[in-house]
Amino acid sequence: MIEDDRGAVAGWEVLPFGFLVFVVGTLLLANAWGVVDAKMAASAAAREGARAFVHAADESAAHSRAGGAVDDALRGHGRSPGEAHTLVEGDFVRCGRVAVTVAIPVPTIGLPWVGGLGPVLTARSVHGELVDPLRSGVPGEADCVRG
């Protein structure tokens, strides 16, 4: 009687390797999603901070409202306001441009074959707006309005 290998299963030895590739791919996607999520949070926080600044009543209220709006937006995205770096540039004058920059550090995981994307990536967003040139009670001249 001749023995053959009908019914034998081959390839089982590569299953651990396939599982390892699956795990590394999943961790790579988790790293990428962390960066995308941080970018969305930074973008929303910068936008809300700039809007709060230009709609404030005066200069002192503008800076405090901008900082509060950034913090609220970050909390709304499930992030701690203490982890973000915020910079508000601009003056509260008619036609003044304000720019709010929010930077959020994103830690990454070192992966086999792919390597590390760096110990920390930074998701940064800048949003700028103009103080309303026709608004009453704002110092400065409306020289940016062209008739």
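Small disclaimer: the values here were computed from a predicted structure and weren't measured. (Residues numbered from 1 in each chain as written. Predicted model: local features only at pLDDT ≥ 70, side-chain atom pairs only at ≥ 80, totals over all residues. Heavy atoms only, no water.)

### Things to note about the nonpolar core
Core analysis: the biggest nonpolar cluster contains 24 residues, and F53, L74, V102 and I104 have the highest contact counts within it. Among the secondary structure elements, those contributing two or more residues to this core are α1 (15-54), α2 (59-76) and β2 (97-107). The element contributing the most residues to this core is α1, with eight residues. Beyond its immediate stretch of four places on either side in the chain, L74 contacts A41, A45, R79, P81, A84 and I104. (Core = buried A, V, L, I, M, F, W, Y, C linked by side-chain atoms within 4.5 Å. Buried < 20%, exposed > 50% of the residue type's maximum accessible area, 1.4 Å probe, protein only. Helix = DSSP H or I, 4+ residues; strand = E, 2+ residues; numbered from the N terminus. Contact = heavy atoms within 4.5 Å.)

### Comments concerning a nonpolar patch on the surface
A cluster of nonpolar side chains, namely F19, F22, V23, L27 and I109, defines an oily patch on the protein surface of about 470 Å² accessible area. Tracing the backbone shows V23 in helix α1. (Patch = residues over 30% accessible without salt bridge, like charges linked within 9 Å, V, L, I, M, F, W, Y side chains within 5 Å. Areas by Shrake-Rupley, 256 points an atom, 1.4 Å probe, with all protein chains shown as cover. Salt bridge = Lys/Arg side-chain N within 4 Å of Asp/Glu carboxyl O.)

### Focus: unusual backbone geometry
Residue C95 is not a glycine yet carries a positive backbone phi of 65°. The exposure class assigned to C95 is buried, which follows from its relative accessible area of 14%.

### Let's talk about the sheet that holds β2
Hydrogen bonds between backbone groups are what pair the strands of a sheet, and the pairing can be parallel or antiparallel. The antiparallel open sheet is built from three strands, whose spatial order is β1-β2-β3. Each edge of the sheet is formed by a strand with only one pairing partner; in this case those strands are β1 (85-89) and β3 (120-130). Recorded for the sheet is a direction-independent mean angle of 15° between the axes of neighbouring strands. Two elements, β2 and β3, share 11 bridges in a ladder whose sense is antiparallel. Across the sheet, the residue bridging to A99 is G128, located in β3. (Pairing = 2+ DSSP bridges. Axes fitted to C-alpha atoms, helices over the stretch in contact; angles between N-to-C directions.)

### Focus on the pairing of β2
The two faces of the sheet receive side chains in turn, since in a regular strand these alternate between them. Direction of pairing for β1 relative to β2: antiparallel, over a ladder of five bridges. Looking at the pairing, V88 lines up with V100 of β2.

### Describing α2
Here α2 is 18 residues long and its end C-alpha atoms lie 26 Å apart, about the 26 Å a rise of 1.5 Å per residue gives. Those residues of α2 that sit buried are A62, A66, A69, V70, A73 and L74. Looking straight down α2, one finds that the buried residues subtend no more than 130° of arc, so they occupy a single side. Among the exposed residues of α2, those oriented more than 90 degrees off its buried face are S60 and D72. Those residues of α2 that are buried lie in contact with α1, β1 and β2. Backbone geometry just downstream of α2 places G78 in the positive-phi region, at approximately 80°. (Expected span 1.5 Å × (residues − 1). Arc of directions from axis to C-beta.)

### What to know about the pattern of salt bridges
For the coordinates displayed, the defined rule picks out five salt bridges. Salt-bridge contacts for R79 lead to D37; the nearest nitrogen and oxygen are separated by 3.3 Å. One end of the pair, R79, is in the loop between α2 and β1; the other, D37, is in helix α1, and 42 residues separate them in sequence. A salt bridge links D72 to R75, with the nearest nitrogen and oxygen atoms 3.1 Å apart. Of the two residues, D72 and R75 both sit in helix α2, three residues apart, roughly one turn of that helix. The network of salt bridges with common partners includes D37, R79 and E83.

Don't take any of this as a statement about function, it's just geometry.
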